[in-house]
Amino acid sequence: MLDYTLARLSLFTIGLFTLGTGTTSDLLSKFHQQEYEIKKERFVLTAFNKTLINYFSVNTFKYNRTAFATNGTISLKFDCVGDDVTVIVQAHLFLSNQYRVFPLRFQISLCDCFEKRIMGLGDYPFGNLNVCPLKKGVRYYGCNWKPNVKRFPPGIPDGQYKMQFTGMHRDSFLFDVDYYVTIYRQPKIPN
């Protein structure tokens, strides 16, 4: 089983870095997969820069009996235009009782995430957090958000993951949010 997982990891890593020649957002917007499902657990806001952000909150709650959803609110002390704000995403896989670095890391503009609907960001049933540029002093919110699993990268092995989202405004730290999720495949029962 471990050899199979390592083989899939190496294929995934090679495939991620050899596809196309466009920007990161162009590559990520092309992902479509149906091989695995996710079980969302929670978001944790670990830190944010109070000199650049007025207010920031992320809350995960039970949407119905089987699904979780997330509400998020942010108010900036600056105008977020174009590529001013980038998000660095680093995946960690739970192995041997701790989260270890997984070979999935990319950096993307926050506005590109919203405009190209990367991993379902910007697909909020309610709220105003799907627009760019973000204006100074305006409270932006997204309600009842659930990730679009069909827009995740293909070939990720089963397991428990921590996705670490680090927001940067040029060279300044903005926020650090951890997203805990379990990736699994439905068992296939032969006829």
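The structure displayed is predicted, hence computed values, not measured ones.

J.: For this particular structure, what's the right way to read the overall build of the protein chain?
T.: Scanning the protein chain from N- to C-terminus turns up three helices and nine strands. Taken over 191 residues, the protein chain has a buried fraction of 46%. Long-range contacts, defined here as pairs at least 24 residues apart, represent 64% of the contacts in the protein chain between residues at least 6 apart. Accessible surface for the protein chain amounts to roughly 10800 Å². Of this, 55% is attributable to carbon and sulfur atoms.

J.: In this structure, what is going on with the environment of L134? I would like to understand it.
T.: Following the sequence through the fold, L134 ends up in the loop between strand 6 (126-127) and strand 7 (139-145). What makes L134 buried here is its relative accessible area of 2%. With residues near it in sequence (within four places) discarded, L134 still touches L76, F78, D79, C80, L110 and Y140.

J.: Would you mind showing me how to read the pattern of salt bridges here?
T.: A side chain with one charge can pair with a side chain of the opposite charge if their charged atoms come near. One pass over the full model with this rule turns up four salt bridges. Between E41 and R42 there is a salt bridge, with its nearest N and O atoms 3.7 Å apart. Classification of R42 by relative accessible area gives partly exposed; the value is 37%.

J.: What's the story with the sheet that holds strand 9 (residues 172-184) in this structure? I'm lost.
T.: Strands pair in a sheet through their backbones, by hydrogen bonds, and they do so in one of two ways: parallel or antiparallel. Spatially, the five strands line up as an open sheet ordered 1-9-8-4-5, and their pairing is antiparallel. Each edge of the sheet is formed by a strand with only one pairing partner; in this case those strands are strand 1 (37-48) and strand 5 (98-109). On average, each strand axis in the sheet is tilted by 20 degrees relative to the strand beside it, whichever way the strands run.

J.: Any chance you could explain the confidence of the model for the protein chain here in plain terms?
T.: Close inspection of predicted coordinates is inappropriate in any region flagged by low pLDDT. Scored by pLDDT, the protein chain comes out at a mean of 82, with 83% of its residues at no less than 70. When mean pLDDT is compared element by element in the protein chain, strand 8 (residues 159-169) scores highest at 96, while helix 1 (residues 2-18) scores lowest at 41. Note on residues 1-22: pLDDT is under 50 here. Beyond four places in sequence and across chains, it has 21 contacts.

J.: Sorry, what's going on with the environment of Y184 here?
T.: With respect to the helices and strands, the residue Y184 is situated in strand 9. Judged by its relative accessible area of 32%, Y184 falls in the partly exposed class. Counting along the chain gives 147 residues from Y184 to E37, while the straight-line C-alpha distance between them is 5.5 Å. The contact partners of Y184, leaving out residues within four places of it in the chain, are Y36, E37, I38, K39 and D158.

J.: Explain the packing of aromatic side chains to me, please; I cannot follow it from the model alone.
T.: Aromatic rings in a pair are described by how distant their centres are and how their planes are angled relative to each other. Within this structure, the stated rule accounts for seven aromatic pairs. Aromatic side chains F48 and F56 sit 6.1 Å apart centroid to centroid with 80 degrees between the ring planes, which places their arrangement in the edge-to-face category. Pairing F102 with Y161 gives two aromatic rings, centres 5.3 Å apart and planes at 85 degrees, and the pair type is edge-to-face. On the criterion of sequence distance, the pair formed by F102 in strand 5 and Y161 in strand 8 is long-range, its members being 59 residues apart. Summarising the burial analysis for this pair, F102 and Y161 share the class buried.

Cut-off values and rules
Residues numbered from 1 in each chain as written. Predicted model: local features only at pLDDT ≥ 70, side-chain atom pairs only at ≥ 80, totals over all residues. Heavy atoms only, no water. Helix = DSSP H or I, 4+ residues; strand = E, 2+ residues; numbered from the N terminus. Buried < 20%, exposed > 50% of the residue type's maximum accessible area, 1.4 Å probe, protein only. Contact = heavy atoms within 4.5 Å. Areas by Shrake-Rupley, 256 points an atom, 1.4 Å probe, with all protein chains shown as cover. Salt bridge = Lys/Arg side-chain N within 4 Å of Asp/Glu carboxyl O. Pairing = 2+ DSSP bridges. Axes fitted to C-alpha atoms, helices over the stretch in contact; angles between N-to-C directions. pLDDT = per-residue confidence, 0-100. Phe/Tyr/Trp six-rings, centres within 6.5 Å; stacked < 30°, edge-to-face > 60°.

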